[in-house]
Amino acid sequence: MRTLFFFVLLLPVFVFSQHTLSVTVYNVPSSEGKVSLAIYDSAASFLKFEKVVKSGSTSAQEGMTTLIIEDVPEGEYAIALFHDKNGNDALDTNWLGIPKEKVAFSKAKMRTFGPPKYEDCAFTVKSDEKISIYF
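Residues numbered from 1 in each chain as written. Predicted model: local features only at pLDDT ≥ 70, side-chain atom pairs only at ≥ 80, totals over all residues. Heavy atoms only, no water.

Helix and strand content of the chain: two helices and eight strands. Along the chain, from the amino end to the carboxyl end, the secondary structure elements read α-β-β-β-β-β-β-α-β-β. Within the chain, buried positions represent 34% of all 135 residues. Of the contacts made within the chain by residues no fewer than 6 positions apart, 69% connect residues no fewer than 24 positions apart. Looking at the chain as shown, the accessible area adds up to about 8,500 Å², and 57% of this sits on carbon and sulfur atoms. (Helix = DSSP H or I, 4+ residues; strand = E, 2+ residues; numbered from the N terminus. Buried < 20%, exposed > 50% of the residue type's maximum accessible area, 1.4 Å probe, protein only. Contact = heavy atoms within 4.5 Å. Areas by Shrake-Rupley, 256 points an atom, 1.4 Å probe, with all protein chains shown as cover.)

Given below as structure tokens:
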């Protein structure tokens, strides 16, 4: 009986604490391939493929592409995305590890010598959110 009570009491918390994240990507260079994104929830996990909280991709649309990510819990996150022009599901890089495909981040841009830090890209989700990111 006690378990049932806690289940009924906590059910609305779990049902209503999930949000939708709408990410609009601007300056997409072409309609070739797709735009892929990864969402991270800490500096320790940022840009580590095995530590992605949520991910998604959609067909690229030249100019502007929108991705919808469902069931995002409240919290702090950072997004990394890229235009997978050839559709191989991987970020193509040169022999130095510099991306050959367009890369972008939430709230920050690539630095001269590498990607931005998690703290530069972080934003908070408290409800359904709309994020704009520019290549």
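That covers the picture; the talk isn't over yet.
So, on to the layout of surface pockets. When its volume is computed, the largest pocket comes out at roughly 650 Å³. Lining the largest pocket are 29 residues; nearest its centre among them are Ala38, Tyr40, Ala80, Phe82 and Leu91. When residues of the lining of the largest pocket are traced back to their parent elements, those giving at least two are strand 2 (34-40), strand 3 (54-59), strand 5 (75-84) and strand 6 (103-105). In terms of residues, the lining of the largest pocket owes the most to one element, strand 2, which gives five residues. Partitioning the lining of the largest pocket into residue classes produces 19 nonpolar, seven polar and three charged. (1 Å grid on protein atoms, 1.4 Å probe; cavity = no way out; pocket = protein on both sides within 12 Å on 5 of 7 lines; lining within 4 Å. Points joined across faces, edges and corners; volume = space filled by probe spheres on them. Nonpolar A, V, L, I, M, F, W, Y, C, P; charged D, E, K, R; others polar.)

Next up on the list: the packing of aromatic side chains. By the definition in use, this model includes four aromatic pairs. Between Tyr40 and Phe46, the aromatic rings sit 5.4 Å apart at their centres with planes inclined by 80°, giving edge-to-face as the arrangement. Phe46 matches Tyr40 in its accessibility class, with the two residues each being buried. Geometrically, the ring pair formed by Phe46 and Phe105 is tilted, given 6.2 Å between the ring centres and 55° between the ring planes. Here the residue Phe46 occupies a position in the loop between strand 2 and strand 3, and Phe105 occupies one in strand 6, the gap between them amounting to 59 residues. An aromatic cluster is present here, built from Tyr40, Phe46, Phe105 and Tyr118 joined pairwise through their rings. (Phe/Tyr/Trp six-rings, centres within 6.5 Å; stacked < 30°, edge-to-face > 60°.)

What follows covers the nonpolar core. As a rule of thumb, nonpolar side chains are buried together in soluble globular proteins. If you look at the biggest cluster of nonpolar residues, it comprises 20 residues, and the most contacted ones within it are Leu21, Val23, Val25, Leu37, Ile79 and Leu81. The set of elements that each furnish at least two residues to this core consists of strand 1 (18-28), strand 2, strand 4 (63-73), strand 5, strand 7 (123-125) and strand 8 (129-134). With four residues, strand 1 is the largest single contributor of residues to this core. Ala38, Tyr40, Phe105 and Ala108 belong to the second largest nonpolar core, which has 10 residues in total. (Core = buried A, V, L, I, M, F, W, Y, C linked by side-chain atoms within 4.5 Å.)

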